[in-house]
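Residue-level listing of the chains:
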Amino acid sequence: MIWEVFRQEKPGGYHTHCGNVHAPDAEMAKLFAEVQHGRRKPTNSLWVVPQPEIAEVDAEDTTFGGTTDKSYRWAMTYTGVDASFAEEVAESQREQETADREREEVTAGGNS
Amino acid sequence: MDIETVKERAAPRAFSPKDDMPEEYRKAATRMIQFHANSEIMGAYLERPFIRQAPSLDRKLAFSAKVQDEIGHGQLLYRAAESLGIKTREEMLEELATGDGKFLNCFHYPMEEWVETPMIGFFVDGAAMRRQATLKRSSWEPYAHAMDKVCFEEGFHVKHGEDILRELATGSRAERERLQEAFETWWPRIIQFFGPTDDKSTHHDFASEVGLKQLSNDELRNAFLNAYIPKAEKYGLEIPEEPRIRKRDDGTYRVVEDDLDWDEFFTVAKNDYEGSHVQIGKRHDTQEAVEWVRTVLDEHEQTSMGTAPAAAD
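Please read these numbers as outputs of a predicted model, since none were measured by experiment.

Some thoughts on the overall build of chain B
Then comes step 1: When helices and strands are tallied, chain B shows 13 helices and two strands.
Then comes step 2: In terms of C-alpha radius of gyration, chain B reaches 20 Å, essentially the compact-globule figure of 20 Å for 313 residues.
Then comes step 3: Across the 313 residues of chain B, 52% fall into the buried class.
Then comes step 4: Taking as baseline every contact in chain B between residues at least 6 positions apart, the subset at least 24 positions apart corresponds to 75%.
Then comes step 5: Per element, the accessible surface of chain B, about 14700 Å² overall, is 49% carbon and sulfur.
Then comes step 6: One finds the centroid of the 41 positive side-chain charges in chain B at a distance of 4 Å from the centroid of its 60 negative side-chain charges.

Below, the structure is given as structure tokens:
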């Protein structure tokens, strides 16, 4: 069986996917994950998940974020007001700008 | 883990469901996160009618997206609260329906006019965001993670709220007058958003010692006033004479607490205010109306168990 592996670098951080291992059971999967994925990169915790248990929906199945103009739900659309008066609002807008830019890059990459 | 160890180890995102946390911590965190989750839901219900009443298509779309976001935040937070093992999501939703679940003071008041929407959309959301940004450093990791996503989305809400405020503040004289009236109605409630002063706050000390919350009521209220009083003034809003707000030499503000109606605040806090019954009742009725959807989903989950993994919430 294949087990997908998610690594958390530091306590309090997110577990992000880092690869998979072949193993007959969860105990062995944890051991292999430790050896293959937790040895060099900083690791605080690993999750191993049986691959058949993972449900997937991808960009071929759906259009993430819809197909119509949804600019109304982005902070940067509201150009008549300025986010800089409050650091947390400005930070949120920066995060949204990054997400929007990355989204466009992915879309552009997918079409090429 | 005993309480002393918890206090020693308290740090941003220090504790997760893997840790054996004492009941006192888990109860305090549940109370705090459940309150937050309930508030997201009740706020969404208050704003929902404005999807229909929005004056333009752009506003309608934005309001609809916002209400959807807030319900999503509620769901995220119930998950974070549930992970403490004190109450299930079903129990918390049930408590909200029966009137046992507590939620933010501002959401106990009716909001009927479009001109009132920036009071929630800008000032209350702005106050909430100030607080939520500090909770990214909460010691309960699932709560802090929920705040990452909530804060990511909230920037849109606050800017959209300010955009409505700007539009009304540069509108006709009649609009500006009604805006000022709405501001005067909502202002004391907004000040009370942060609760009573530190010396009267019941839960602060423990929550702070174990790192669940980062700043005190007073510090947060002050941080809010610092950023939002200039905004109100920028849009020509006159700050009501009461509650009296004094600027200290160091630039921080002191609110004369006795100018605020604390009897009303504590009645609201007990869900006993007239508006509390109305808002809880509205949500209860809506829940009843869509009961069949939950029943169908539950039945489906039961029958598909064993053949497929349970769907995520």
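From this point, things continue past the structure.
Concerning the pattern of salt bridges
Then comes step 1: A full pass over the atoms with the stated rule returns 24 salt bridges over all chains.
Then comes step 2: Glu9(A) serves as the salt-bridge partner of Arg7(A), at 3.8 Å between the closest nitrogen and oxygen.
Then comes step 3: For Glu9(A), a relative accessible area of 39% corresponds to the partly exposed category.
Then comes step 4: Taking the shortest distance from any N to any O, the salt bridge between Arg221(B) and Glu257(B) comes out at 3.7 Å. Residue Arg221(B) is located in helix α10 (residues 217-234), and its partner Glu257(B) is located in the loop between β2 (253-255) and α11 (262-269); the two are separated by 36 residues in the primary sequence.
Then comes step 5: On the accessibility criterion, Arg221(B) (5% relative accessible area) is buried.
Then comes step 6: Residue Glu257(B) is classed as buried on the basis of its relative accessible area of 10%.

Topic: the interface of chain A and chain B
Then comes step 1: In this complex, chain A contributes 28 residues to the contact, which on the side of chain B involves 33 residues.
Then comes step 2: With both sides pooled, the region where chain A packs onto chain B buries about 2400 Å², and carbon together with sulfur makes up 59% of that total.
Then comes step 3: The interface formed by chain A and chain B contains three salt bridges.
Then comes step 4: In this structure, Arg130(B) engages Glu88(A) in a salt bridge whose closest nitrogen and oxygen atoms are separated by 2.6 Å.
Then comes step 5: Among the residues making up the side of chain A that touches chain B, the classes are represented as 13 nonpolar, eight polar and seven charged.

Comments concerning the environment of Phe107(B)
Residues and elements named next belong to chain B.
Then comes step 1: In this structure, phenylalanine 107 sits in the loop between α5 (89-98) and α6 (117-135).
Then comes step 2: On the basis of relative accessible area, phenylalanine 107 is assigned to the buried category, the value being 6%.
Then comes step 3: As a C-alpha pair, phenylalanine 107 and leucine 46 span 61 residues in sequence and 6.9 Å in three-dimensional space.
Then comes step 4: Leave out the neighbours within four places in its chain, and phenylalanine 107 touches Ser39, Met42, Gly43, Leu46, Ile120, Val124 and Gln279.

Focus: the pairing of strand β2 (residues 15-22) of chain A
Each regular strand shows side chains that alternate between the opposite faces of the sheet.
Then comes step 1: Two strands pair when backbone bridges link them, and strand β1 (residues 2-8) of chain A and β2(A) are joined in this way by seven bridges, in the antiparallel orientation. Among the inter-strand pairings, Glu4(A) is bridged to a residue of β2(A), identified as Asn20(A).

Describing the sheet that holds strand β3 (residues 45-50) of chain A
Residue and element names in this part refer to chain A.
Then comes step 1: Taken in spatial order, the three strands of this open sheet run β2-β1-β3, and their pairing is antiparallel. With partners counted over all chains shown, the strands left at the sheet margins are β2 and β3, one partner each. Within the sheet, the average angular offset between the axes of one strand and its neighbour, ignoring direction, is 30 degrees.
Then comes step 2: Across six bridges, β1 lies against β3 in antiparallel orientation. Across the sheet, glutamine 8 pairs through a bridge with serine 45, a residue of β3.
Then comes step 3: Packed on one face of the sheet, helix α1 (residues 26-37) meets β1, β2 and β3 and runs near 110 degrees to β2.

Here's the deal with the packing of helix α2 (residues 23-47) of chain B against helix α4 (residues 57-82) of chain B
All names here are of chain B.
Then comes step 1: The geometry of α2 relative to α4 is characterised by a closest axis approach of 8 Å and an angle of 160 degrees between their N-to-C directions. One way to sum up the angle between α2 and α4 is to call them roughly antiparallel. α4 is crossed by α2, and the crossing has left-handed handedness. For the pair α2 and α4, contact is made by Thr30, Ile33, Gln34, His36, Ala37, Asn38, Glu40, Ile41, Ala44 and Glu47 and by Phe63, Lys66, Val67, Glu70, Ile71, His73, Gly74, Leu77, Tyr78, Ala80 and Ala81, respectively.
Then comes step 2: Along the lines of polarity and charge, the residues of the contact of α2 with α4 split into 11 nonpolar, six polar and four charged.

With respect to the domain arrangement of chain A
Then comes step 1: Parsing chain A into structural domains produces domain 1 (2-53) and domain 2 (71-111).
Then comes step 2: A separation of 33 Å is found between the C-alpha centroids of domain 1 of chain A and domain 2 of chain A.

So, the state of the cysteines
Then comes step 1: Counted according to the given criterion, the structure contains zero disulfides over all chains.
Then comes step 2: Unpaired in this structure, Cys151(B) has its nearest cysteine sulfur neighbour in Cys106(B), at a distance of 18 Å.

As for the side chain of His73(B)
Then comes step 1: With respect to the helices and strands, His73(B) occurs in helix α4.
Then comes step 2: Classification of His73(B) as buried rests on a relative accessible area of 0%.

Structural notes on α10(B)
Then comes step 1: Look at α10(B): 25 Å from first C-alpha to last across 18 residues, which is about the 26 Å you get at 1.5 Å a residue.
Then comes step 2: At Asn226(B), α10(B) shows its strongest bend, of approximately 30 degrees, with the proline Pro230(B) following within four residues.

Section: unusual backbone geometry
Both trends apply: most residues other than glycine have a negative phi, and most peptide bonds are in trans.
Residue and element names in this part refer to chain B.
Then comes step 1: The amide bond that connects glutamate 242 to the next residue, proline 243, takes the cis arrangement and shows omega of 0 degrees.
Then comes step 2: Tracing the backbone through its elements, the reader meets proline 243 in the loop between α10 and β1 (245-247).
Then comes step 3: In the Ramachandran plot, arginine 13 falls in the positive-phi region, its phi being about 55 degrees despite a non-glycine side chain.
Then comes step 4: Position of arginine 13 among the secondary structure elements: in the loop between α1 (3-9) and α2.
Then comes step 5: The class for arginine 13 is buried, based on a relative accessible area of 18%.
Then comes step 6: In this structure, asparagine 271 takes a positive phi of about 65 degrees despite not being glycine.

Calculation notes
- Going along each chain's sequence as written, the residues are numbered from 1 onward.
- Chain labels run from A onward and ligand labels from 1 onward, assigned in the order the entries are written.
- Local features in a predicted model are, by the rule used here, given only for residues with pLDDT of at least 70; side-chain atom pairs are given and counted only at 80 or more, and totals for whole chains, interfaces and linings are based on all residues.
- Each side-chain value is derived from all of the structure's non-hydrogen atoms; neither hydrogens nor water enter the calculation.
- Secondary structure follows DSSP: runs of H or I at least 4 residues long count as helices, runs of E at least 2 residues long count as strands, and numbering of each begins at the N terminus.
- Just to be clear, the radius of gyration here is over C-alpha atoms, and the globule rule we use is 2.2 Å times residues to the power 0.38.
- Burial classes: relative accessible area under 20% of the type maximum marks a residue as buried, over 50% as exposed, and values in between as partly exposed (1.4 Å probe, protein chains only).
- Residue contacts follow a heavy-atom distance rule, with two residues in contact if any of their heavy atoms lie within 4.5 Å.
- Surface exposure here means Shrake-Rupley accessible area, sampled with a 1.4 Å probe, where a residue is shielded only by the protein chains that are shown.
- As used throughout, the charge tally considers Lys and Arg to be positive and Asp and Glu to be negative, leaving His and the chain termini uncounted.
- Charge positions come from single atoms, namely NZ of Lys, CZ of Arg, CG of Asp or CD of Glu.
- By salt bridge we mean one thing: a side-chain nitrogen of Lys or Arg within 4 Å of a carboxyl oxygen of Asp or Glu.
- Note on terms: buried area is the combined drop in 1.4 Å-probe accessible area of two parts once they are placed together, counting the loss on both.
- Any residue outside Ala, Val, Leu, Ile, Met, Phe, Trp, Tyr, Cys, Pro, Asp, Glu, Lys and Arg is labelled polar, Gly included; the first ten of those are nonpolar and the last four are charged.
- In short, DSSP must find at least two bridges between two strands for them to pair.
- Helix axes are fitted only over the stretch in contact, all axes being lines through C-alpha atoms; the angle between N-to-C directions runs from 0 to 180 degrees.
- In what follows, roughly perpendicular refers to angles from 65 to 115 degrees, roughly parallel to angles under 35, roughly antiparallel to angles over 145, and oblique to any angle outside these ranges.
- By convention, the crossing between two helices is left-handed when the near helix turns anticlockwise from the far helix through less than a right angle, and right-handed when the turn is clockwise.
- Those domain boundaries reflect an automatic or database domain assignment.
- In what follows, a disulfide is any cysteine sulfur pair within 2.5 Å.
- By this rule, a helix spans an expected 1.5 Å times one less than how many residues it contains.
- To get the bend at a residue, fit one axis to the 7 residues ending there and another to the 7 starting there, then take the angle between the axes.

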